[in-house]
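# Geometric and topological summary
Here's the letter readout for the chains.
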Amino acid sequence: MKFQGSNVLITGSSKGIGAQIAQTLASYGLKVWINYRSKPELADTLKNDIESKGGKAAVIKFDASVEEEFVAALKVILESDGTLSYLVNNAGITIDKLALRMSVTDFEDVINANLKSCFIGCREALKIMGKQRFGSVVNIASIIGERGNMGQTNYAASKGGMIAMSKSFAYEGAARNIRFNCVTPGFIKSDMTDELKPEIVEGYIKNIPLARFGEASDVAQAVAFLLSEHSSYITGEVLKVNGGLYM
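Residues numbered from 1 in each chain as written. Predicted model: local features only at pLDDT ≥ 70, side-chain atom pairs only at ≥ 80, totals over all residues. Heavy atoms only, no water.

### Let's talk about the UniProt feature "binding site: NADP(+)" (unreviewed entry) in the protein
Stated formally: UniProt positions are given in the numbering used here, feature names are shortened, and annotations may be inferred rather than shown by experiment. Site definitions follow a grid-based scheme: protein atoms alone, a 1 Å grid, a 1.4 Å probe that fits but cannot get out for cavities, and for pockets an open set with protein on both sides within 12 Å along at least five of seven lines, plus lining residues having an atom within 4 Å of a point. Helix and strand labels come from DSSP, where a helix needs a run of H or I of at least four residues and a strand needs a run of E of at least two; each type is numbered from the N terminus. When a residue's accessible area, from a 1.4 Å probe over protein chains only, is under 20% of the maximum for its type it is buried; when over 50% it is exposed; and in between it is partly exposed. Any two residues whose heavy atoms approach within 4.5 Å at even a single point are treated as in contact.
This chain's UniProt record puts "binding site: NADP(+)" (unreviewed entry) on Asn90, Tyr155, Ala156, Ala157, Ser158, Lys159 and Ile188. Narrowing the list just given to those that line the largest cavity leaves Asn90. The residue Ala157 is located in helix α6 (residues 153–174) in this model. A relative accessible area of 32% places Ala157 in the partly exposed class. Relative to the helices and strands, Lys159 resides in helix α6. For Lys159, the residues in contact, after removing those within four places along its chain, are Asn114, Ile140, Ala141, Ser142 and Gly145.

### Comments concerning the packing of aromatic side chains
Filter applied, for reference: Here a pair means two rings of Phe, Tyr or Trp (six-membered ring of Trp) with centres within 6.5 Å. Their orientation is stacked below 30 degrees between planes, edge-to-face above 60, and tilted elsewhere.
Overall, the coordinates contain nine aromatic pairs when judged by the stated rule. Ring geometry for Phe3 against Tyr86: centres 5.8 Å apart, planes inclined by 75°, an arrangement best described as edge-to-face. Residue Phe3 is found in the segment before β1 (7–10), and its partner Tyr86 is found in strand β4 (residues 86–89); the two are separated by 83 residues along the sequence. For Tyr86, a relative accessible area of 0% translates into the label buried. Cluster of aromatic residues (ring-pair linked, three or more members): Phe3, Tyr28, Tyr86 and Phe134.

### Some words on the packing of helix α4 (residues 104–132) against α6
Here is the rule: Lines fitted to the C-alpha atoms define the axes, with helices restricted to the stretch that makes contact. Angles between their N-to-C directions range from 0 to 180 degrees. By the definition adopted for this analysis, an angle is roughly parallel if under 35 degrees, roughly antiparallel if over 145, roughly perpendicular if from 65 to 115, and oblique otherwise. Handedness of each helix crossing follows the sense of rotation of the near helix against the far helix: counterclockwise by less than a right angle gives left-handed, clockwise gives right-handed. Gly falls in the polar group here, along with every residue not listed as nonpolar (Ala, Val, Leu, Ile, Met, Phe, Trp, Tyr, Cys, Pro) or charged (Asp, Glu, Lys, Arg).
Two numbers describe how α4 lies on α6: the axes approach to 9 Å, and their chain directions differ by 15°. With respect to each other, α4 and α6 are oriented roughly parallel. The crossing of α4 and α6 is right-handed. Residues Asp106, Phe107, Val110, Ile111, Asn114, Leu115, Cys118, Phe119, Cys122, Arg123 and Leu126 of α4 lie in contact with α6, whose contacting residues are Thr153, Asn154, Tyr155, Ala157, Ser158, Lys159, Gly161, Met162, Met165, Phe169, Glu172 and Gly173. Taken together, the residues of the contact of α4 with α6 sort by class into 13 nonpolar, six polar and four charged.

This is the structure:
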């Protein structure tokens, strides 16, 4: 896959889908900045794994929902590399409850971790990439942001807001050759899905046209495509990675 830029920051990338995105982008020759908030051992292990395969990686700690920390981290990256070519806003949390039992704090915590962090990243990327007249941002939203889900009012609001916000940033970034797109994963295999009972998994799969859960690599390759030169005429779009569950 062809890339014009040289480095990428992936928020919330010490494990799960974020870690797979880091591994995939490193395999294409990009230097990946692995962000973590609380578990350095996971980030360090990922960095070592990438470097053992000939890739380039660095670890950076910050809370993506805290503006001062995010801005300071970007300054470190710029001082190190002189540029930021790509950004993947992947950091996020869930606090699932039925709306009747959901507190305002539950709602605000998810909005801050998911949507606010994405806004800070997109805004700062627009500033940095605007000066170099090049860049691409991919925001990891969710199928839940497109169709909603019981018990996930806060999460749906955060991811739906991310989709709408990305389109607005796409308008503002276009004149500076900066693209903003979203990927919306459906059911992706993870430690959480591995713990589901077989009958529950079967019930989910019955509703998926491709009749299986996706792999983290499916999401990572979609992200790589949207960052790469192969999608240079695509901005403000939502790439669904859900096996046809929501079309």
